[in-house]
Amino acid sequence: MTRHPYLSPEPPRVLAHRGLVTEADAALGVAENSFAAVAAAHAAGVAYVESDCHLTADGVVILFHDDDLSRVTGDPRRIADVRLPELEELMAERGGLLTLAQALDAFPDVRFNLDVKAEDAAEPAGRLVAPHAARVLVTSFSDERRLLALAAARAAGAALSPATSPGSRTVARLVAAQAVGLRGTVRRLLTGLDAVQIPERQGPVRVVTPGLVRAAHAAGVEVHVWTVNDPADMRRLLDIGVDGIVTDRADLALAVVNGR
């Protein structure tokens, strides 16, 4: 099986969740998904940054997790209702707003794991990542948004499709099929994927199991687990074979991975 260049070199991988590296970042006024956050992750030696895509009122794809500004800036407006210059002003003292285009250009050595959070962002995000597809993974909780972004990347002339991981509906079907031993269904659901990015548990349901990890690996698909901030949990998950740790504490995860 041909491994997507996004997934090289060999795992395990540390993915800085929203560009976060240490607890000190927030204390210094560095907001998640900001230019300063991604710069700090890069400086710390993080190869992978997990981030999120929204579309501004004037049609610019930015890296931002929530669909509104309230949690990060105290402003209750939705991202989709605010134009880029005003967003840049709001984020100026919080590490700096980062557009997707800026992220891809300013950090050519970083591999981006992009969660398309807004439907309107899917096509423009796909077009933007097309020239960088070898170092981008596109995902979304919505498989429809994910597939729309991938199609846009291909239509924009991407030499290869970005790497991808499934939406929540596909993950639910995959976990259910694995639980009842439907191996053919598991193989079919894993077809066309490069990674399965999942929480360890979803409520009372255990999502990450040794059996699911083995099935994914048999299909040439990696397993990345989010969001893991405790070193003991990181070690335990790596011991059962997961390939990537998505974390707010990339400093701790790097120490765990480098100490193995």
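As a reminder, the structure under discussion sits directly above these lines.
Just so we're clear, the structure is a prediction, and the values are computed from it rather than from any experiment.

A. Molecular detail of unusual backbone geometry. Residue Pro12 is reached from Pro11 by a cis peptide bond, and omega for that bond is 15°. Inspection of the secondary structure puts Pro12 in the segment before strand S1 (13–17). Of note, the amide linkage connecting Trp226 to Thr227 takes the cis form, showing an omega dihedral of -25°. Here Thr227 lies in the loop between strand S10 (222–226) and helix H11 (231–239). You will see that Arg18, though not glycine, has its phi angle at about 60°, which is positive. Phi angles above zero are rare outside glycine, and Asn33 is one such case at about 65°. Secondary-structure assignment places Asn33 in the loop between helix H1 (24–27) and helix H2 (35–43).

B. Structural context of the packing of helix H6 (residues 119–129) against helix H7 (residues 143–155). In contact at an axis separation of 7 Å, H6 and H7 are set at 30° when each is read in the N-to-C sense. Considering how the two elements wind past one another, H6 and H7 form a crossing that is right-handed. Contacts from Glu119, Ala122, Glu123, Gly126, Arg127 and Val129 of H6 reach H7 at Arg145, Leu148, Ala149, Ala152 and Ala153. Grouping the constituent residues of the contact of H6 with H7 by class yields 6 nonpolar, 1 polar and 4 charged.

C. Geometry of the environment of Ala130. Here Ala130 shows up in the loop between H6 and strand S5 (136–139). Spatially, the C-alpha atom of Ala130 lies 33 Å from that of Gln178, the residues being 48 residues apart in sequence. If we ignore the near neighbours within four places in the chain, the residues touching Ala130 are Ala153, Ala156 and Ala158.

D. Molecular detail of the nonpolar core. In terms of nonpolar packing, the biggest core is built from 63 residues, with Leu100, Phe112, Leu114, Val129, Ile198 and Val242 touching the most fellow members. Tallying contributions element by element places helix H12 (residues 250–258) first for this core, with 5 residues. Every residue in contact with Phe112, bar those within four places of it in the chain, is listed here: Tyr6, Val38, Val49, Ala103, Leu104, Phe107, Arg135, Val136 and Leu137. Of all hydrophobic cores here, the second largest spans 11 residues; its members include Ala31, Phe64, Leu69 and Val72.

E. Seen up close, the side chain of Glu222. For Glu222, the location among the structural elements is in strand S10. Residue class for Glu222 comes out buried when judged on its relative accessible area of 3%. Separated by 2.9 Å, the side chains of Glu222 and His224 make a polar contact. The contacts of Glu222, once residues within four sequence positions are left out, are Arg3, Leu7, Pro11, Arg13, Asp194, Ala195, Val196 and Asp243.

F. View of H2. Every buried residue of H2 is accounted for by Ala37, Val38 and Ala41. All buried residues of H2 fall inside an arc of 95° around its axis, so they share one side. Buried positions along H2 lie against S1, strand S2 (48–55) and strand S4 (111–116). Phi turns positive, to about 95°, at Gly45, one or two residues after H2.

G. Seen up close, the pattern of salt bridges. Following the criterion strictly, the structure yields 17 salt bridges and no others. With a shortest N-O distance of 2.6 Å, Arg77 and Glu86 are connected by a salt bridge. Arg77 gets classed as partly exposed once you look at its relative accessible area, which sits at 29%. For Glu86, a relative accessible area of 36% gives the class partly exposed. Close ionic contact of Glu200 with Arg236 constitutes a salt bridge, the shortest N to O distance being 2.5 Å. Placement of the pair is Glu200 in the loop between strand S7 (195–199) and strand S8 (201–202) and Arg236 in helix H11, with a sequence separation of 36 residues. Exposure remark for Arg236: the relative accessible area of 36% places this residue in the partly exposed category. What you see here is one network of salt bridges that share partners, running through Arg3, Glu10, Arg13 and Glu222.

Scoring rules and cut-offs
- Residues numbered from 1 in each chain as written.
- Predicted model: local features only at pLDDT ≥ 70, side-chain atom pairs only at ≥ 80, totals over all residues.
- Heavy atoms only, no water.
- Helix = DSSP H or I, 4+ residues; strand = E, 2+ residues; numbered from the N terminus.
- Axes fitted to C-alpha atoms, helices over the stretch in contact; angles between N-to-C directions.
- Left-handed = near helix turned anticlockwise from the far one by under 90°.
- Contact = heavy atoms within 4.5 Å.
- Nonpolar A, V, L, I, M, F, W, Y, C, P; charged D, E, K, R; others polar.
- Core = buried A, V, L, I, M, F, W, Y, C linked by side-chain atoms within 4.5 Å.
- Buried < 20%, exposed > 50% of the residue type's maximum accessible area, 1.4 Å probe, protein only.
- Polar contact = N/O pair within 3.5 Å; in protein donor to acceptor, adjacent residues only side chain to side chain.
- Arc of directions from axis to C-beta.
- Salt bridge = Lys/Arg side-chain N within 4 Å of Asp/Glu carboxyl O.

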